[in-house]
Amino acid sequence: MTNVVTKHLIVTGRVQRVGYRNYMAYKANQFHITGWVRNRLDGSVEAVVQGTPENVEAIIVRAHRGPPKAEVTSVVVNDGSGEFAGFETLPTA
């Protein structure tokens, strides 16, 4: 991929047990994003998203919304790293 960006997200609020990881996986597929998403033991959701700048921005906008039952209070976005072939849902860490 040319012109690829990678971002690391920490999403807090009511984001576990509401389908948030499945939502992110669906949006990743929709926007041709690679990377991963997982729940964290502290109740947040963590993700790394990689793609074109426009598509990464689009999924970050969706991360702020989440699925209907989610109540997102914050999304902290930092630069990320790695190379990914697809988008995975990882075990809780």
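Now for a quick tour of the structure. (Residues numbered from 1 in each chain as written. Predicted model: local features only at pLDDT ≥ 70, side-chain atom pairs only at ≥ 80, totals over all residues. Heavy atoms only, no water.)

Observations regarding the pattern of salt bridges
A complete count under the given rule lists four salt bridges for this structure. The closest approach of N and O atoms between Glu46 and Arg38, which form a salt bridge, is 2.9 Å. The class for Glu46 is buried, based on a relative accessible area of 8%. Look at Arg38 and you get partly exposed, because its relative accessible area is 21%. The closest approach of N and O atoms between Glu46 and Arg40, which form a salt bridge, is 3.9 Å. Among the charged side chains, a salt-bridge network with shared partners connects Arg38, Arg40, Asp42 and Glu46. (Salt bridge = Lys/Arg side-chain N within 4 Å of Asp/Glu carboxyl O. Buried < 20%, exposed > 50% of the residue type's maximum accessible area, 1.4 Å probe, protein only.)

Focus on helix 2 (residues 53-65)
Look at helix 2: 19 Å from first C-alpha to last across 13 residues, which is about the 18 Å you get at 1.5 Å a residue. When helix 2 is considered as a whole, its buried residues turn out to be Val56, Ala58, Ile59, Ile60 and Ala63. Contacts from the buried residues of helix 2 go to strand 1 (5-14), helix 1 (20-30), strand 3 (45-51) and strand 4 (71-79). (Helix = DSSP H or I, 4+ residues; strand = E, 2+ residues; numbered from the N terminus. Expected span 1.5 Å × (residues − 1). Contact = heavy atoms within 4.5 Å.)

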